[in-house]
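Reading the structure
Residue strings, one per chain:
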Amino acid sequence: MNHVTTAPPPRRLRADAARNQQRIIAAARELFADRGLDVTLDDVAERAGVGVGTVYRRFANKQELISEVFEQMVTELAEAVNVALHHPDPWEGLVDLFEYSCRHIAANRGFSEVILELHDSMDRFVCMKDQIRPGMQAVIARAKVAGVLQPDIEPADFFAMVNMVDGIAGFARPVNPEVWERYMAVILNGVRGDSVPRLPLTQPPLSEDEVERAKAAAFNPRKR
């Protein structure tokens, strides 16, 4: 007698569910980056190419999906902190971490909204600062001991500096999404140790026309 072996349906379903979950999270991450947190689960389902019911079966509401997406991004930020801490050059490690932080916030409206305006009600994010703070303190302390960072700079300054870059990034995004790199270098040049060469300003400033168009975009937000 021939025996026919078939894959157990439950395992297949679990595999399909796992794939759908990853598609949903990836779609949400793209939408949050582009549009901020003002998206719906229906929007996510459309971007992911799955039925709305599939999204709601995995995530009861948008808050659960936000938590899943940004916990992933916070974990990646923590990994970047660890990489910076083990960089052989304390200044380059600090610069790389600052650029990573600015780049992910400048290009990601949702991440900016969450990381810069954490709400205590988001239980899965309550420990975010505790997850990142020790490594950040170590990166900054290491740079100060090496004499490559001004001695009065503190970890809280780092987040304020990132917020400064995010401010110009948000203003310029509609007309020049890369100009934030110029002001990242300006800020880092302002806090470096005296023995460290200045970072080059690789991006030109906003033109007068870009400033006017950015102002218009800021005062006349696009309707969604």
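Residues numbered from 1 in each chain as written. Predicted model: local features only at pLDDT ≥ 70, side-chain atom pairs only at ≥ 80, totals over all residues. Heavy atoms only, no water.

1. Quick look at the overall build of the protein chain
- The helix and strand inventory of the protein chain stands at 10 helices and 0 strands.
- Helices (α) and strands (β) of the protein chain occur, in sequence order from the N terminus, as α-α-α-α-α-α-α-α-α-α.
- The proportion of buried residues among the 224 residues of the protein chain is 39%.
- Considering only residue pairs separated by 6 or more positions, the protein chain has 66% of its internal contacts joining residues 24 or more positions apart.
- Summed over its atoms, the accessible surface of the protein chain is roughly 13,000 Å², and 53% of this surface lies on carbon and sulfur atoms. (Helix = DSSP H or I, 4+ residues; strand = E, 2+ residues; numbered from the N terminus. Buried < 20%, exposed > 50% of the residue type's maximum accessible area, 1.4 Å probe, protein only. Contact = heavy atoms within 4.5 Å. Areas by Shrake-Rupley, 256 points an atom, 1.4 Å probe, with all protein chains shown as cover.)

2. Things to note about the environment of Glu210
- Note that Glu210 resides in helix H10 (residues 208–219).
- In this structure Glu210 comes out as buried when scored by relative accessible area, which is 13%.

3. Topic: the pattern of salt bridges
- Summed over the entire model, instances satisfying the criterion amount to 8 salt bridges.
- Among the ionic pairs, Glu30 bridges to Arg47, the shortest N-O distance being 3.0 Å. Pair noted here: Glu30 is in helix H1 (residues 9–35) and Arg47 is in helix H2 (residues 41–48), with a separation of 17 residues, a long-range link.
- Residues Arg35 and Asp43 are paired through a salt bridge, measuring 3.3 Å at the closest nitrogen-oxygen approach.
- One salt-bridge network, held together by shared partners, links Glu99, Arg103 and Glu181. (Salt bridge = Lys/Arg side-chain N within 4 Å of Asp/Glu carboxyl O.)

4. Focus: the nonpolar core
- In terms of nonpolar packing, the biggest core is built from 53 residues, with Leu97 and Phe98 touching the most fellow members.
- Elements with a minimum of two residues in this core: H1, H2, helix H4 (62–85), helix H5 (90–106), helix H7 (128–145), helix H8 (155–172) and helix H9 (180–191).
- Residue contributions to this core peak at 10 residues, all from H4.
- Every residue in contact with Leu97, bar those within four places of it in the chain, is listed here: Leu77, Ala80, Val81, Ala84, Met136, Val139 and Phe158. (Core = buried A, V, L, I, M, F, W, Y, C linked by side-chain atoms within 4.5 Å.)

5. Considering the confidence of the model for the protein chain
- Considering every residue of the protein chain, the mean pLDDT works out to 83; 83% of them sit at 70 or more.
- Mean pLDDT across the elements of the protein chain bottoms out in helix H6 (residues 109–116) (66) and peaks in H9 (95). (pLDDT = per-residue confidence, 0-100.)

6. Some points on the packing of aromatic side chains
- Following the criterion strictly, the structure yields 3 aromatic pairs and no others.
- Taking the centre distance of 5.5 Å and the plane angle of 25° together, the rings of Phe32 and Phe70 count as stacked. Residue Phe32 is located in helix H1, and its partner Phe70 is located in helix H4; the two are separated by 38 residues in the primary sequence.
- Look at Phe70 and you get buried, because its relative accessible area is 0%.
- Judged by centre distance (6.0 Å) and plane angle (80°), the rings of Phe158 and Phe159 are edge-to-face.
- By relative accessible area, Phe158 is classed as buried at 3%.
- A cation sits over an aromatic face here: Arg58 above Phe59, 4.7 Å from the ring centre. (Phe/Tyr/Trp six-rings, centres within 6.5 Å; stacked < 30°, edge-to-face > 60°. Lys NZ or Arg CZ within 6 Å of the ring centre and 35° of its normal.)

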